[in-house]
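Close look at the chain arrangement
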Amino acid sequence: MPDLLLELFCEEIPARMQAGAAESLRKLVTDALVERGLVYEGAKAFVTPRRLALAVHGLPAQQPDTHEERKGPRVGAPQGAIDGFLKAAGLTSIEQASIESDPKKGEFYVARLHKHGRATPEVIAEIIPQVIRAFPWPKSMRWGKGSSSPTTLRWVRPLQSIVCTFGPETEEPEVVAFEVDGIRSGDVTRGHRFLSEGTIRVRRLEDWMAKLEAAFVVVDRERRKDIILNDAKDLALAQGLELVEDAGLLEEIAGLVEWPVVLMGSFDPAFLDVPDEVIRATIRANQKCFVLRDPATGRLARRFILVSNLAASDGGAAIIAGNERVIRARLSDAKFFWETDQKTNATVPLAERLERFGNVTFHEKLGSQLERIRRIAALARELAPVVGADPDLAEQAALYAKSDLRTEVVGEFPEVQGLMGRYYARLEGLPEEIAAAAEEHYKPQGPTDFVPTAPVSVAVALADKLDTLVGFWAIDEKPTGSKDPYALRRAALGVVRIVLENGLKLRLGQFFRSLFRSGMTAKVEVGTTTVVTGLFGTRILGAVLSDTALSFEQARDLVSETLDIQAESLTTDLLSFFADRLKVHLREAGARHDLVDAVFALPGQDDLLLVVKRVEALGRFLSTEDGKNLLAGTKRAANILRIEEKKDGVTYEGGVDMVLLHEPEERALADAIAALGPQIEAALAGEDFEAAMALLAGLRAPVDAFFEKVTVNAEDPALRVNRLRLLADIRAATRSIADFDRIEG
């Protein structure tokens, strides 16, 4: 079967856009082919700095024929309806339509249309220009004489040529002819910008790849990455060193070169006094080079790996020398910053350094960085006993943790914030717990990042994240849809992981209420105006009270009551957000999201560790026959109650009259609930969820027997009410563990 080869040759494509562009080209073209009935066997996209290409294998030579039956108006319909039918069906006369009869609708016209499939090259010539013109580049440009026209082609960089061929392996492929903005498709491309001259005529994929390789272009991105990585490791090994691998840098470099040539340079050993992470950040950010490690010391070596896009006649000596000059200058800057920071930290007290944060705004509605640091320190002290940390040490660590943000090194290399805090803390002779907290309080920053376990680090990390969440919740800057500019979802997931992986019993609701309320401190002035002060107060209350009829005490109490209501509302909303984040976390671990909903629906479920334990025990219980049957019976009881309570306009809660329990099955059920209820409550109070589930299983048999033998909606009104109250007791007994209404199945 024939194959398609497409290459879009242009000026340099930014490395960060290349992978996405290759996937977009593959999807857009193949989706359009399939939409037109052209099913293919396989497709692969290629991308280099100067070309975007696609090979589609196993396409048919033409579209399949189509048969369509289109129903028209009834016989004798107005001429306008008939003319519209003819136009839509592509008929020139009503005689070309058939007449069919229906017993109910009478006779009506039917057009039976047969369309021959078009040749595949014709379809491709229609698809490709549309794809090129609508290509979803993150950024694009117009160029040339008509660049000011809105109809001019937009492309990431000036498009220079298009290769588009189609044909079977056994024959000479044909050029699929089309034109885009004055550029006609053909079978001619170019090789490496500097190492190859002239044009290259290509036929199909294998021919294209081989000829470009001969012209110093490796078209397969993954192969370029393999060449870079393997050659870099070989060079390092030859010097007795190890390559410090960097997947992100490897991806970027593979997008900068078409013919990777790996070389090794060196720098002055005096720069090794600078922390390894700063050296790596400097060399990576400025020259896109890899660093090497000395296995004997575990520290960086004075050599680096660079990747050139040239096979130079001097073996790369000039290229290496140029990179060494730039790196020398950059490392000199880094060394100066490092030495300056050391002097500053040695001579300027922490309190004075902290005051500098007073002029740095964290958020216009949330105050300065200094205010935030003090809030985090107070919260870390409050959290310390919960996580097993020393309160004084936790508070001191929180005050110190952000101090490296105002240093020269972090100002130049923001990616080493936290890590530099650890270095500076050690240089100042601070306790190791404070040094560790400076680095680890940002953790975890993603699903694969590690979670801090040292108590002081845990206290500061939790305080940092909880302050962020409470603050942005208070000013109504919550995530919406896919937008989360302040990374609040990541912060909440960080709290979830810290709590669960450290086995912490933490009542989040208690902390949220306290934090919201402390940020909404109300101050009432005697006179005609009540003023709300505090960080969130004026924003959360929403208005300034100015009722002259209110006394000072009345105004004060009204403000306080209003703020308490607002704090409770915000706490409920934030706990709901945490429930969603916990569902995401547990779903990735294989847990059922509906069980999380069922547990969180109970009042006071703000201890994440206990929620997870309850969810796990509930999941194991529902996997048993007793669990499945009890769930079915409980749902049946809940459904009956929901219908009858809505109809009667009342809630049937408790108060079963034992005298009215006439049937043995209903008496047995009432006795079982009465006996097991206190035992279940005791097991839950002791956090023995397995025992609570085992006790709950004891309700299965009496519930099954009740529904089999007893009619709930009895004719006697008193019996009916009493039996509905018995169903409410079933609901209450199961809701002590979870809201079974929310469980699927």
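What counts, and where the lines are drawn
Residues numbered from 1 in each chain as written. Predicted model: local features only at pLDDT ≥ 70, side-chain atom pairs only at ≥ 80, totals over all residues. Heavy atoms only, no water. Helix = DSSP H or I, 4+ residues; strand = E, 2+ residues; numbered from the N terminus. Rg over C-alpha atoms; globule rule 2.2 N^0.38 Å. Buried < 20%, exposed > 50% of the residue type's maximum accessible area, 1.4 Å probe, protein only. Contact = heavy atoms within 4.5 Å. Areas by Shrake-Rupley, 256 points an atom, 1.4 Å probe, with all protein chains shown as cover. Polar contact = N/O pair within 3.5 Å; in protein donor to acceptor, adjacent residues only side chain to side chain. Pairing = 2+ DSSP bridges. Axes fitted to C-alpha atoms, helices over the stretch in contact; angles between N-to-C directions. 1 Å grid on protein atoms, 1.4 Å probe; cavity = no way out; pocket = protein on both sides within 12 Å on 5 of 7 lines; lining within 4 Å. Points joined across faces, edges and corners; volume = space filled by probe spheres on them. Phe/Tyr/Trp six-rings, centres within 6.5 Å; stacked < 30°, edge-to-face > 60°. Domains from an automatic or database assignment. Expected span 1.5 Å × (residues − 1). Bend = angle between axes of the 7 residues up to and from the residue. Parallel < 35°, antiparallel > 145°, perpendicular 65-115°, else oblique. Left-handed = near helix turned anticlockwise from the far one by under 90°. Nonpolar A, V, L, I, M, F, W, Y, C, P; charged D, E, K, R; others polar. UniProt positions renumbered as here; feature names shortened; annotations may be inferred. Salt bridge = Lys/Arg side-chain N within 4 Å of Asp/Glu carboxyl O.

1. What about the overall build of the chain?
From N to C terminus, the chain includes 26 helices and 20 strands. Scaling as 2.2 N^0.38, a compact globule of 745 residues should have a C-alpha radius of gyration of about 27 Å, whereas the chain reaches 36 Å, well beyond that. Seen along its three principal axes, the alpha-carbon backbone of the chain occupies a region of about 100 × 100 × 60 Å. Each of the 745 residues in the chain was classed as buried or not, and the buried ones make up 48%. Looking at the chain alone, contacts between residues at least 24 apart form 67% of all its contacts between residues at least 6 apart. Accessible surface, the chain: about 35,200 Å² in total, of which carbon and sulfur atoms supply 51%.

2. Quick look at the side chain of Asp-467
Relative to the helices and strands, Asp-467 resides in helix H15 (residues 455-474). When its relative accessible area of 9% is taken as the criterion, Asp-467 is described as buried. A polar contact of 2.8 Å, which involves the side chain of Asp-467, links it to the side chain of Arg-375. Discounting chain neighbours no more than four positions away, the residues touching Asp-467 are Arg-372, Arg-375, Ile-376 and Leu-379.

3. Remarks on the sheet that holds strand S13 (residues 242-243)
Ordered by their spatial adjacency, 4 strands build an open sheet running S13-S15-S16-S14, and the pairing between neighbours is antiparallel. Unpaired on one side and paired on the other, S13 and strand S14 (261-266) mark the two borders of the sheet. Sheet topology note: the S14/strand S16 (residues 300-308) ladder contains 6 bridges and is antiparallel. Bridge pairing links Val-262 to Val-307 in S16. This element, helix H5 (residues 221-238), spans S13, S14, strand S15 (290-293) and S16 of the sheet and lies at about 40 degrees to S14. Along the sheet face, helix H8 (residues 317-347) touches S14 and S16 and points at about 125 degrees away from the line of S16.

4. A look at empty space enclosed by the protein
Here the structure, examined in full by the defined rule, presents 2 cavities of 30 Å³ or more. If you add up the space inside the largest cavity, you get close to 50 Å³. Lining the largest cavity are Asp-3, Leu-4, Leu-5, Ala-55, Val-56, His-57, Arg-204, Leu-205 and Glu-206. Put simply, the parts of the chain that give the lining of the largest cavity at least two residues each are strand S1 (3-10), strand S3 (51-57) and helix H4 (205-214).

5. Concerning the packing of aromatic side chains
Scanning the model with the defined rule gives 13 aromatic pairs in all. Geometrically, the ring pair formed by Phe-135 and Trp-155 is tilted, given 5.3 Å between the ring centres and 45 degrees between the ring planes. Here Phe-135, found in the loop between helix H3 (120-133) and strand S7 (159-167), pairs with Trp-155, found in the loop between H3 and S7; they are 20 residues apart in sequence, far enough to count as distant. Summarising the aromatic geometry, the rings of Phe-362 and Phe-472 are spaced 5.9 Å apart at their centres and angled 55 degrees between planes, so their arrangement reads as tilted. Of this pair, Phe-362 sits in strand S17 (residues 361-363) while Phe-472 sits in helix H15, and the two are 110 residues apart along the sequence. Site record: aromatic cluster; members linked through ring pairs are Phe-135, Trp-137 and Trp-155.

6. Let's talk about the domain arrangement of the chain
Often, the extent of an interface is quoted as the loss of accessible area on bringing the components together. Along its sequence, the chain is organised into domain 1 (3-62 + 119-214), domain 2 (66-115), domain 3 (221-347), domain 4 (350-506), domain 5 (516-590) and domain 6 (608-742). Measuring from the centre of the C-alpha atoms in domain 2 to the corresponding centre in domain 6 gives 63 Å.

7. Brief notes about the sheet that holds strand S4 (residues 66-74)
On the basis of which strands lie adjacent, the open sheet formed by 3 strands has the order S4-S6-S5 and antiparallel pairing. Since the sheet does not close on itself, it has two edges, and those belong to S4 and strand S5 (98-102), each with one partner. Across the sheet, the mean angle from the axis of one strand to that of its neighbour is 35 degrees, orientation sign disregarded. Here 5 bridges tie S5 to strand S6 (residues 106-115), and the two strands are oriented antiparallel to one another.

8. With respect to the environment of Lys-709
Here Lys-709 lies in helix H25 (residues 700-709). Residues Lys-709 and Ile-327, 382 residues apart in the sequence, show an inter-C-alpha distance of 86 Å.

9. Section: helix H10 (residues 369-387)
Helix length check: H10 (19 residues) gives 25 Å between terminal C-alpha atoms against 27 Å at 1.5 Å per residue, within 8%. Within H10, the axis deviates most sharply at Arg-381, by approximately 30 degrees, and proline Pro-385 lies no more than four positions further along. Inspection of H10 places Gln-369, Leu-370, Arg-372, Ile-373, Ile-376, Ala-377, Leu-379, Ala-380, Leu-383, Ala-384 and Val-387 among the buried residues, and these make up the whole buried set. Here the buried face of H10 lies against helix H9 (350-355), S17, strand S18 (367-368), helix H11 (391-401), H15 and helix H17 (508-518). Directly after H10, the chain includes Gly-388, whose backbone phi takes a positive value near 80 degrees.

10. Points about the environment of Glu-213
Considering the arrangement of structural elements, one finds Glu-213 in helix H4. A residue is classified by how much of its surface remains accessible, and Glu-213, at 28% relative accessible area, is partly exposed. Considered as a pair, Glu-213 and Glu-258 are 45 residues apart in the sequence and their alpha carbons are 9.5 Å apart. Excluding residues that lie within four positions of it along the chain, Glu-213 makes contacts with Val-218, Arg-223 and Trp-259.

11. A closer look at the packing of H10 against H15
Two elements in contact, H10 and H15, have axes separated by 8 Å at closest approach and are oriented at 130 degrees. Taken together, the axes of H10 and H15 lie oblique to each other. Seen along the crossing, H10 lies across H15 with a hand that is right-handed. Of the residues in H15, those touching H10 at Arg-372, Arg-375, Ile-376, Leu-379, Ala-380, Leu-383, Ala-384 and Val-387 are Pro-455, Val-458, Ala-459, Val-460, Leu-462, Ala-463, Asp-464, Leu-466, Asp-467 and Thr-468. In terms of residue class, the contact of H10 with H15 is built from 13 nonpolar, 1 polar and 4 charged.

12. Description of the UniProt feature "domain: DALR anticodon binding" (unreviewed entry) in the chain
Mapped onto the present numbering, the UniProt feature "domain: DALR anticodon binding" (unreviewed entry) falls at residues 634-731. Between the C-alpha atoms that bound residues 634-731 the distance is 7 Å, and the span itself is 72% helix and 0% strand.

13. Remarks on the pattern of salt bridges
One pass over the full model with this rule turns up 63 salt bridges. Lys-505 is paired through a salt bridge with Glu-687; the nearest N and O atoms lie 2.3 Å apart. Placement of the pair is Lys-505 in the loop between helix H16 (488-501) and H17 and Glu-687 in the loop between helix H23 (664-685) and helix H24 (689-697), with a sequence separation of 182 residues. For Glu-687, a relative accessible area of 29% translates into the label partly exposed. In the salt-bridge network here, residues are joined through shared partners; they are Arg-372, Arg-375, Lys-402, Asp-464 and Asp-467.

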